[in-house]
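Working through the structure, step by step
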Amino acid sequence: MSSKNNMDVLELDSFLNQSFLDLEKIDENLFRSKTLWKHKIARGVYGGQLIGHSLVAASSGFPEDQHIHSLHSYFLRQGNTKFPMLYYVDKTRDGNTYCACSVKAVQFGQTVYTMQASFKKSEASNISHQITMPTVPPPDKLKTPFEILDILKQQELISSQRHEMGVEWFQDFPMETRWVSPDTIYAFQPEYPKCLIWMKARGHIGKDLHQNVHKCCIAYLCDMLLLRTSLMSLSSTANSVFMASLDHSMWFHAPCHADEWMLFEIEAENTGDGRTLCHGRIWDINGVHITTVSQEGVLRVNSNL
């Protein structure tokens, strides 16, 4: 295969293409989406894409040695995939070690999403501590979601329709997952809302790309898994669920590679008043704690009672 064909394959297999994380720069601090995506069963633009886009826009204005270390954001309106999103960046601090900016995603003249992001230069430290990664089987010893869904269907634990919906859900999203406890894909009985999932971007991400690119990709990925963990605690009488993200925060602790296996531990810490709060930690395959994430969302449930 020629060098050009090799590049063509990599380009087609690129996670950045599959996730639509690239932006068009139309002014110094102004960017426009090229493609907006939503899942078939979703109402609006996928929240992880808004997070990823905003981080891409934010990081473009800082030097190479400035790495994303935290973000705090709010989802204010539902985005429409049929029209472009504009991202306005406002630099609020440009220091020697720490830099910061705010990003506003706008559509139809209304703010859809806002983010505050902070960047810093790496520095040596004589203090080091991290929470230990749970002991779990490696991802190559675990079943794929499709294998789990097939087993559940064969055992008549899920209907053909539910099996098809599950397959579509995992096929359409550019992420590979391995669930440490297969029964947490569908909680048939209410249980404590906590799960462990191996995840990585599906497709190629160049190892020579800046760390900020990988962090943007992780931000894109984790939004899919957080709020759904709350569903594990629901009563079997629930027949209709509405979920939507309200806010999202992340802290990046170490360099990372989004296309390598990472362990995601997620726990729904509080549910009530029509809301749920989920907290997550992410380790790389070597047990390095790379990311912490929190997300609150709307959770409304109708039941048969």
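The paragraphs below set out a description of the structure included in this document. What you are looking at is a predicted structure, and each value in this text was computed from that prediction instead of being measured.

Turning to the packing of aromatic side chains, a few remarks are in order. The final tally for this structure, using the stated rule, is ten aromatic pairs. When the centroid spacing of 5.8 Å and the interplanar angle of 80 degrees are considered together, the rings of Trp37 and Tyr46 count as edge-to-face. Of the residues examined, Trp37 reaches a relative accessible area of 16% and is grouped as buried. Overall, Tyr46 belongs to the buried group, its relative accessible area being 10%. For the pair Phe83 and Phe108, a centre-to-centre distance of 5.0 Å together with 70 degrees between the ring planes defines the contact as edge-to-face. Highlighted residues: Phe83 in the loop between strand E3 (67-75) and strand E4 (86-94) and Phe108 in the loop between strand E5 (98-107) and strand E6 (110-120), separated in sequence by 25 residues. The class of Phe83 is partly exposed, set by a relative accessible area of 42%.

This next bit is on the environment of Tyr87. Mapped onto the elements, Tyr87 comes out in strand E4. Linking Tyr87 and Val103, residues 16 residues apart in sequence, is a C-alpha distance of 6.5 Å. Polar contacts involving the side chain of Tyr87 include one to the side chain of His53, which spans 2.8 Å.

Here we come to the layout of surface pockets. Estimated volume of the largest pocket: approximately 1800 Å³. Together, 49 residues line the largest pocket, and Ile41, Trp169, Leu231, Val241 and Met243 are the ones closest to its centre. When residues of the lining of the largest pocket are traced back to their parent elements, those giving at least two are helix H3 (47-59), helix H5 (160-172) and strand E9 (238-252). Sorting elements by how many residues they give to the lining of the largest pocket places E9 first, with nine residues. Residue composition of the lining of the largest pocket, grouped by class: 29 nonpolar, 15 polar and five charged.

Quick look at the nonpolar core now. Ranked by internal contacts, the top residues of the largest apolar core, which has 70 residues, are Tyr87, Met199, Leu221, Leu225 and Phe264. Broken down by element, the residue count for this core peaks at seven residues, all from helix H6 (residues 211-222). Contact partners of Leu221, with chain neighbours within four places excluded, come to Phe15, Tyr46, Phe173, Pro174, Met175, Met199, Lys200, Ala201, Ala258 and Met262. Val180, Leu196, Trp198 and Trp261 belong to the second largest nonpolar core, which has nine residues in total.

Conventions adopted
Residues numbered from 1 in each chain as written. Predicted model: local features only at pLDDT ≥ 70, side-chain atom pairs only at ≥ 80, totals over all residues. Heavy atoms only, no water. Phe/Tyr/Trp six-rings, centres within 6.5 Å; stacked < 30°, edge-to-face > 60°. Buried < 20%, exposed > 50% of the residue type's maximum accessible area, 1.4 Å probe, protein only. Helix = DSSP H or I, 4+ residues; strand = E, 2+ residues; numbered from the N terminus. Polar contact = N/O pair within 3.5 Å; in protein donor to acceptor, adjacent residues only side chain to side chain. 1 Å grid on protein atoms, 1.4 Å probe; cavity = no way out; pocket = protein on both sides within 12 Å on 5 of 7 lines; lining within 4 Å. Points joined across faces, edges and corners; volume = space filled by probe spheres on them. Nonpolar A, V, L, I, M, F, W, Y, C, P; charged D, E, K, R; others polar. Core = buried A, V, L, I, M, F, W, Y, C linked by side-chain atoms within 4.5 Å. Contact = heavy atoms within 4.5 Å.

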